[in-house]
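Residue strings, one per chain:
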Amino acid sequence: MSTVETVALVKHYDNDVIAVNSIDLHIKEGEFLVLLGPSGSGKTTLLRMIAGLEKVTSGKIYMGGRDVTHLPPRARNLSMVFQSYALYPHMSVFGNIAFPLKAKGLPYQERKKKVEWAASLFGIEQYLQRKPRQLSGGQRQRVALARALVHEPSVFLLDEPLSNLDAQLRASARDEIKQFQRRIATTTIYVTHDQVEAMGMGDRIAVMNHGNMHQIGTPQELYREPADTFVATFLGSPPMNLLNQKECIIGFHPEHFLPKDIIHEESPRFEFPFRVTRVEYLGADRFVYGIVPSESGHTRVISKIPSLVTVPLETDQLYTFAVLKEDMKYFDKKTGKRIDPIPFSMAVFEHAEV
Amino acid sequence: MNRHYWLGKIFKGVMTYFIVGLFALFAALPFYQMVIIAFKSNADFNNPRENNPFIFNDPPTTDHIVYLFEQTEYLTFILNSVIIGVSVVLITLLFATPAAYSLARLTGRLGERLGILIFLVYLIPPTLLFIPMSQVVSFVGLQNSKWALVMLYPTFTIPFCTWLMFGFFRSIPRDIEEQAMVDGYSRFGAMWRVVLPLAVPGVLTVVVFSFMLTLHEYIYALAFTTSSSEKPISVGVTTELVRGDVFFWQSLMASAIIVALPIAIVYNLFLNRFVAGLTMGAVKG
Ligand SMILES: Nc1ncnc2c1ncn2[C@@H]1O[C@H](COP(=O)(O)OP(=O)(O)O)[C@@H](O)[C@H]1O
Ligand SMILES: [Mg+2]
């Protein structure tokens, strides 16, 4: 176990791509940090620099307070699970899991004990003699995980380890990894582009785009207080609605955009005209797609209504929807950063005094 | 319908074996002829108009094989060829493997172009090079020595084998060796324990290929070895068993078969891997 810290970490590739742009991260001991961002945002590059597989252009990396910026991977006592699992095809499952122990010069008997321990954690004891090509995707992933933890590293790095699994397996594997990490409490950095995965697994989430860090925080913080419009629109399914105003950009989650009638009369709120174009019933929720008309143009907006609310909604009808004042977010028009609430010019109805 | 089906199947099988058999016969005929000739007596061999050249008309004899071993330096030639072959294979592996590995891994897109450039060197024919090479050989004082060949053969085995191994290394995913580095090994350790074992077909291809090249090379061997004690087999038998216009055909045939047989056997054992090696180099290289 150890902390991981990056200070002003930068990576330029030869082709002038700035893959990682001055990233400051501080990962606490035993923390599960998720690096979240769309494809090409620099997550893998950042992870590979932390692993020591990629040269750092500038900046520093510390592990447990020790400067490891220029140390090779083997001097960092970490383990990594690649997206491809990178199992050694010429070795048996046993050989694969024992490989990191061999590097440490452990005698055979101890290696055997540890491999059996790691294999039993993931329920793959019966496959120890098989070759990787004789395993299913889920089994391979378990072998990769067992190999990653067998030598009890101080940091765990995982690069989209679930993206090669089918949806069903993914959900159970997500659970398993999370539980397992809780148990061994090893500092973990987990890369994904899937915000649902990130929200479900991370103690904290670091949101990246174009090599820049947009926000680091707990899932609740990201949800309640997104730092900018990128974070706001990247998280949540469906993501936050944004409306362009003269003074600023306003934003609200679909689940906060509700028919006016079901909001308590006394609550301070903003009201919007809403023309419904399509309604989707999805079990527990109703997704209502529509348009908020205004002078600056029509904006597509989604409302997510719990199915307990049975207000009838017809397509092509104009309704009045509302957002509680406390649920409204404000963003700067130029920078996209979140700002304190300011009055905006849209014709709104503020019911009660604040 | 069922009957038709079976008839069709049988016909197909017969045709397949017929065609394959024809080709096998075509390929094997020279060997057959060589074996027959090697054991023919002079009287039988020198009278092809009356005697059937494909069979023994007189009883077979081992005279010419005995002659080969007792009256020529045949065993020395073989030994020389083996020494040259093994040395060249080792030198080639020693240079081509790290060169190919670094081209495949360390220099990005540049590696590919350099790889092709190195391959181009291989295409320069030795017949053009042996005159300048003789200067080099005399400069290092290796005239009339098999070690001159050990020095020269790598000039074409290394470029070709570098290119061949380059294709191999590139087909091995980078992840796997990076994983080994994360798992606690140095880059060299990762290459030794993970990359090389996966490149065994490539290494075998290099071994077979370089060995064969040294075995059938003629120009350099003829130019740079003159005494019997230094000659490899390709030059040895053809200079000692051809005297003026007298060809010792039976002994020549025997000498060729004795060398070809073990190689053919080894070749067949590794045939599958060897083909994999060549095609991988061709497709990915
Ligand atoms: N080896 C490389 N050489 C040049 N550019 C690269 C290399 N690896 C990644 N990139 C570029 O760096 C950026 C970030 O890539 P990456 O870290 O793989 O993102 P992610 O993992 O978030 O998808 C991308 O624009 C990608 O094209
Ligand atoms: Mg990636």
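What counts, and at which threshold
Residues numbered from 1 in each chain as written. Chains lettered and ligands numbered in written order. Predicted model: local features only at pLDDT ≥ 70, side-chain atom pairs only at ≥ 80, totals over all residues. Heavy atoms only, no water. Contact = heavy atoms within 4.5 Å. Buried area = accessible area lost by both parts, 1.4 Å probe. Salt bridge = Lys/Arg side-chain N within 4 Å of Asp/Glu carboxyl O. Polar contact = N/O pair within 3.5 Å; in protein donor to acceptor, adjacent residues only side chain to side chain. Helix = DSSP H or I, 4+ residues; strand = E, 2+ residues; numbered from the N terminus. Nonpolar A, V, L, I, M, F, W, Y, C, P; charged D, E, K, R; others polar. Domains from an automatic or database assignment. Pairing = 2+ DSSP bridges. Buried < 20%, exposed > 50% of the residue type's maximum accessible area, 1.4 Å probe, protein only. Near = heavy atom within 4 Å. Areas by Shrake-Rupley, 256 points an atom, 1.4 Å probe, with all protein chains shown as cover. Core = buried A, V, L, I, M, F, W, Y, C linked by side-chain atoms within 4.5 Å. Axes fitted to C-alpha atoms, helices over the stretch in contact; angles between N-to-C directions. Parallel < 35°, antiparallel > 145°, perpendicular 65-115°, else oblique. Left-handed = near helix turned anticlockwise from the far one by under 90°. 1 Å grid on protein atoms, 1.4 Å probe; cavity = no way out; pocket = protein on both sides within 12 Å on 5 of 7 lines; lining within 4 Å. Points joined across faces, edges and corners; volume = space filled by probe spheres on them.

1. Comments concerning the interface of chain B and chain A
Every contact between the two is made by 15 residues of chain B and, on the other side, 21 residues of chain A. Around 1700 Å² of area is buried between chain B and chain A when both sides are counted, 63% of it from carbon and sulfur atoms. Connecting chain B to chain A are two salt bridges. Note that Asp183(B) and Arg147(A) form a salt bridge whose closest N and O atoms lie 3.9 Å from each other. The interface formed by chain B and chain A includes nine residue pairs in polar contact (both at pLDDT 80 or more). Contributing elements (two or more residues each) for the side of chain B that touches chain A: helix H9 (174-182) and helix H10 (187-198) of chain B. Per-element accounting of the side of chain B that touches chain A gives the leading share, seven residues, to H9(B). Looking at the side of chain B that touches chain A residue by residue, the classes come out as eight nonpolar, three polar and four charged.

2. So, the domain arrangement of chain B
Residue and element names in this part refer to chain B. Partitioning chain B into structural domains gives domain 1 (2-61) and domain 2 (66-280). Just the C-alpha atoms count here: the centres of domain 1 and domain 2 sit 33 Å apart. Taking both sides of the interface into account, the surface hidden between domain 1 and domain 2 amounts to around 650 Å²; carbon and sulfur atoms contribute 80%. Where domain 1 packs against domain 2, one counts zero salt bridges. Here domain 1 and domain 2 share two residue pairs in polar contact (both at pLDDT 80 or more) between them. Of all the elements in the fold, those that place two or more residues in the side of domain 1 that touches domain 2 are helix H1 (2-38) and helix H2 (42-45). The leading source of residues in the side of domain 1 that touches domain 2 is H1, at five residues. Among the residues making up the side of domain 1 that touches domain 2, the classes are represented as six nonpolar, two polar and one charged.

3. A closer look at the pattern of salt bridges
All names here are of chain A. In this structure the tally under the stated criterion is 17 salt bridges over all chains. Taking the shortest distance from any N to any O, the salt bridge between lysine 114 and glutamate 152 comes out at 2.7 Å. Linking lysine 114 in helix H3 (residues 108-121) with glutamate 152 in the loop between helix H4 (137-149) and strand S7 (155-159), this pair joins segments that are 38 residues apart in sequence. In this structure, glutamate 271 engages arginine 269 in a salt bridge whose closest nitrogen and oxygen atoms are separated by 2.9 Å.

4. Brief notes about the sheet that holds strand S17 (residues 318-324) of chain A
Residues and elements named next belong to chain A. Here five strands make up an open sheet; going across it, the order is S13-S17-S14-S15-S16 and the pairing antiparallel. Taken across any chain shown, the strands that pair with only one partner, and hence form the sheet edges, are strand S13 (258-259) and strand S16 (299-306). For strand S14 (residues 269-282) and S17, the ladder comprises seven bridges, and the chain directions are antiparallel. Residue pairing in the sheet places glutamate 271 in a bridge with alanine 322 of S17.

5. Topic: the domain arrangement of chain A
According to the domain assignment, chain A contains domain 1 (4-224) and domain 2 (238-350). For domain 1 of chain A versus domain 2 of chain A, the separation of C-alpha centres amounts to 39 Å.

6. Quick notes on unusual backbone geometry
Residue and element names in this part refer to chain A. Of the consecutive residues serine 237 and proline 238, the connecting peptide bond is found in the cis state with omega at -5 degrees. At serine 22, a residue that is not glycine, the phi angle is positive and equals roughly 50 degrees. Structurally, the position occupied by serine 22 is in strand S2 (residues 18-27). We note that alanine 185 has phi near 50 degrees; this positive angle belongs to a residue other than glycine. With respect to the helices and strands, alanine 185 occurs in the loop between helix H5 (167-184) and strand S8 (187-192).

7. So, the environment of Glu217(B)
Residue and element names in this part refer to chain B. Checked against the element boundaries, glutamate 217 lands in the loop between helix H11 (200-216) and helix H12 (219-224). Using a relative accessible area of 7% as the deciding quantity, one classes glutamate 217 as buried. Residues glutamate 217 and serine 234, 17 residues apart in the sequence, show an inter-C-alpha distance of 7.1 Å. Side chain to side chain, glutamate 217 and tyrosine 153 meet in a polar contact 2.8 Å long. From its side chain, glutamate 217 meets the backbone nitrogen of alanine 221 in a polar contact 3.2 Å long.

8. Observations concerning the site of ligand 1
Residues and elements named next belong to chain A. Every residue lining ligand 1 is accounted for by Tyr13, Asn15, Val17, Ala19, Pro38, Ser39, Gly40, Ser41, Gly42, Lys43, Thr44 and Thr45. A distance of 2.5 Å is found between an oxygen atom of ligand 1 and a side-chain nitrogen or oxygen belonging to threonine 45. Isolated, ligand 1 exposes 560 Å² of accessible area, and the fraction of that covered by the protein chains is 61%. Per-element accounting of the shell around ligand 1 gives the leading share, three residues, to helix H1 (residues 43-51). Of the residues in the shell around ligand 1, the class split is four nonpolar, seven polar and one charged.

9. A closer look at the side chain of Thr192(A)
Residue and element names in this part refer to chain A. Mapping threonine 192 onto the fold places it in strand S8. Accessibility expressed as a relative area gives 2% for threonine 192, which makes it buried. Within the local environment of threonine 192, its side chain forms a polar contact with the side chain of glutamate 197, the two groups lying 3.3 Å apart. In this view, threonine 192 contacts Val34, Leu35, Leu36, Gly37, Lys43, Glu160, Glu197 and Ala198; residues no more than four positions away in its chain are not counted.

10. As for the nonpolar core
Counting 43 residues, the largest nonpolar core has Ile97(A), Ile124(A) and Tyr190(A) as the members making the most contacts within it. If you tally residues by element for this core, the top one is H4(A), at six residues. Ignoring sequence-local partners within four residues, the contact set of Ile97(A) consists of Val115(A), Ala118(A), Ile124(A), Leu128(A), Val143(A), Ala146(A), Arg147(A) and Val150(A). Formed by 38 residues, the second largest nonpolar core is a distinct cluster that contains Leu33(A), Met49(A), Ala51(A) and Ile176(B).

11. A few points about the side chain of Thr45(A)
Looking at the element boundaries, Thr45(A) is found in helix H1. Ignoring any residue separated from it by four or fewer positions in sequence, one finds Thr45(A) in contact with Lys11(A), Tyr13(A), Ala19(A) and Val20(A).

12. Thoughts on the packing of helix H4 (residues 74-105) of chain B against helix H8 (residues 154-171) of chain B
Residues and elements named next belong to chain B. The contact between H4 and H8 brings their axes to 7 Å, and the two run at 45 degrees. With respect to their mutual orientation, H4 and H8 come out oblique. The hand of the H4/H8 crossing is right-handed. In this structure, H4 contributes Val88, Ile91, Thr92, Phe95, Ala96, Thr97, Ala99, Ala100, Tyr101, Leu103, Ala104 and Arg105 to the contact, and H8 contributes Pro154, Thr157, Ile158, Cys161, Thr162, Met165, Phe166, Phe169 and Arg170. The residue inventory of the contact of H4 with H8, partitioned by class, reads 15 nonpolar, four polar and two charged.

13. Some remarks on the layout of surface pockets
Each pocket or cavity is described by its volume, and for the largest pocket that value is around 960 Å³. Around the largest pocket, the lining comprises 36 residues; the ones closest to its centre are Leu53(A), Glu54(A), Lys55(A), Arg174(B) and Arg187(B). Among the secondary structure elements, those contributing two or more residues to the lining of the largest pocket are strand S1 (4-12) and H1 of chain A together with H4, helix H5 (109-122), H8 and H9 of chain B. Among the elements that make up the lining of the largest pocket, the one with the highest residue count is H9(B) (four residues).

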